[in-house]
Amino acid sequence: MWREHPGGGYKIPVNIIAMLLLVAVLVSTTVVSAEDVSMGPVFVKEPPNRVDFSNGTGAVVNCQARGNPQPDIIWVRSDGTAVGEVPGLRQVLPNGNLVFPPFRAEDYRQEVHAQVYSCLARSPAGSVHSRDVNVRAVVAQYYDTDVNKEYAIRGNSAILKCVVPSFVADFVKVLSWHTDQGEEFVPGDDFGII
Ligand SMILES: *[C@@H]1O[C@H](CO)[C@@H](O)[C@H](O)[C@H]1NC(C)=O
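Keep in mind it's a predicted model, so treat the numbers as computed, not measured. (Residues numbered from 1 in each chain as written. Predicted model: local features only at pLDDT ≥ 70, side-chain atom pairs only at ≥ 80, totals over all residues. Heavy atoms only, no water.)

(A) Spatial organisation of the overall build of the protein. Per the secondary structure count, the protein includes three helices and 14 strands. Expressed as a percentage of the 194 residues in the protein, the buried residues total 24%. For the protein, restricting intrachain contacts to residue pairs at least 6 apart in sequence, the fraction spanning at least 24 positions comes to 49%. Here the protein displays about 14,000 Å² of accessible surface, and carbon together with sulfur accounts for 56% of that area. (Helix = DSSP H or I, 4+ residues; strand = E, 2+ residues; numbered from the N terminus. Buried < 20%, exposed > 50% of the residue type's maximum accessible area, 1.4 Å probe, protein only. Contact = heavy atoms within 4.5 Å. Areas by Shrake-Rupley, 256 points an atom, 1.4 Å probe, with all protein chains shown as cover.)

So, in structure tokens, the structure goes:
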């Protein structure tokens, strides 16, 4: 309770002061001990499961972790061996990024450009493995699509298949269809792409 003191001013109950002191002591202990407590690595940015890119663009795969002490980032293959730098084709940056620069078609290397990687964050306090990262590079090259004739009974639906060469099929998405007369079909009410 607050009471008017005969001499004016307010008298703060002793138990409130004691409580404030206790809170102050608790807060300072927490702050001090947080610096000492070690913490195993935790991902701040875990790489995606799939990274597809073309030889003309290259790719950067990001991996970041925190912990106390700050963990080191290394990249490993599925057999657990560490991956290193391949000049001009693969770099492991100190910040944890795995970099695939653009490359010429003749420099394609399967063990670099079609590989399962994972990011390992390691410190004396422990280590964590990221999910598998399936890296696939494709060399940009000319391709053509085909379509075969299909017949349907008048008034019924027909399905036309866009034939895409298998070496690019995984990377190609059909967006629209066109006729020789310049008509364009994009997915809508009476037309769809499956
Ligand atoms: C990627 O490959 C294509 C096809 O061989 C080539 O024309 C292009 O120059 C290459 N890109 C780079 C950055 O070398």
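From this point on, the discussion continues.
(B) Spatial organisation of the sheet that holds strand β3 (residues 59–61). Pairing in this open sheet of three strands is antiparallel, and the strands run β3-β7-β6 from one edge to the other. Two strands in the sheet have a free side with no partner beyond their single neighbour: β3 and β6 (91–92). For β3 and strand β7 (residues 98–100), the ladder comprises three bridges, and the chain directions are antiparallel. Residue pairing across strands places V60 opposite V99, the latter belonging to β7. (Pairing = 2+ DSSP bridges.)

(C) Geometry of the state of the cysteines. In the structure shown here, the tally under the stated rule is one disulfide. The disulfide that involves C63 links it to C119, with 1.9 Å between the sulfurs. A torsion of -75 degrees about the S-S bond marks the disulfide between C63 and C119 as left-handed. Of this pair, C63 sits in the loop between β3 and β4 (64–68) while C119 sits in strand β8 (residues 114–123), placing them 56 residues apart in sequence. Each member of the pair, C63 together with C119, is buried. (Disulfide = S-S within 2.5 Å.)

(D) Looking closely at the side chain of H113. Here H113 shows up in helix α2 (residues 110–113). For H113, a relative accessible area of 0% gives the class buried. Residues within four places of H113 in sequence aside, it is in contact with F53, L89, F100, F103, D107, Y108, V135, R136 and A137.

(E) Spotlight on the nonpolar core. Formed by 23 residues in total, the largest nonpolar core has its most connected members in F53, W75, F100 and Y117. Going through the elements one at a time, β2 (50–54), β3, β5 (72–77), β7, β8 and β10 (133–138) are the ones with two or more residues in this core. Excluding residues within four positions of it along the chain, Y117 makes contact with W75, V76, V83, R90, L98, F100, E111, V112, R131, D132, V133 and V135. (Core = buried A, V, L, I, M, F, W, Y, C linked by side-chain atoms within 4.5 Å.)

(F) Broad picture of the site of the ligand. In the neighbourhood of the ligand, the contacting residues comprise N55, P102, F103, R104, A105, V139 and A140. N55 places a side-chain nitrogen or oxygen 2.3 Å from an oxygen atom of the ligand. Note that an oxygen atom of the ligand is positioned 3.3 Å from one of the backbone N or O atoms of F103. Across the complex, the protein chains shield 50% of the 360 Å² of accessible surface that the ligand would expose by itself. (Near = heavy atom within 4 Å. Polar contact = N/O pair within 3.5 Å; in protein donor to acceptor, adjacent residues only side chain to side chain.)

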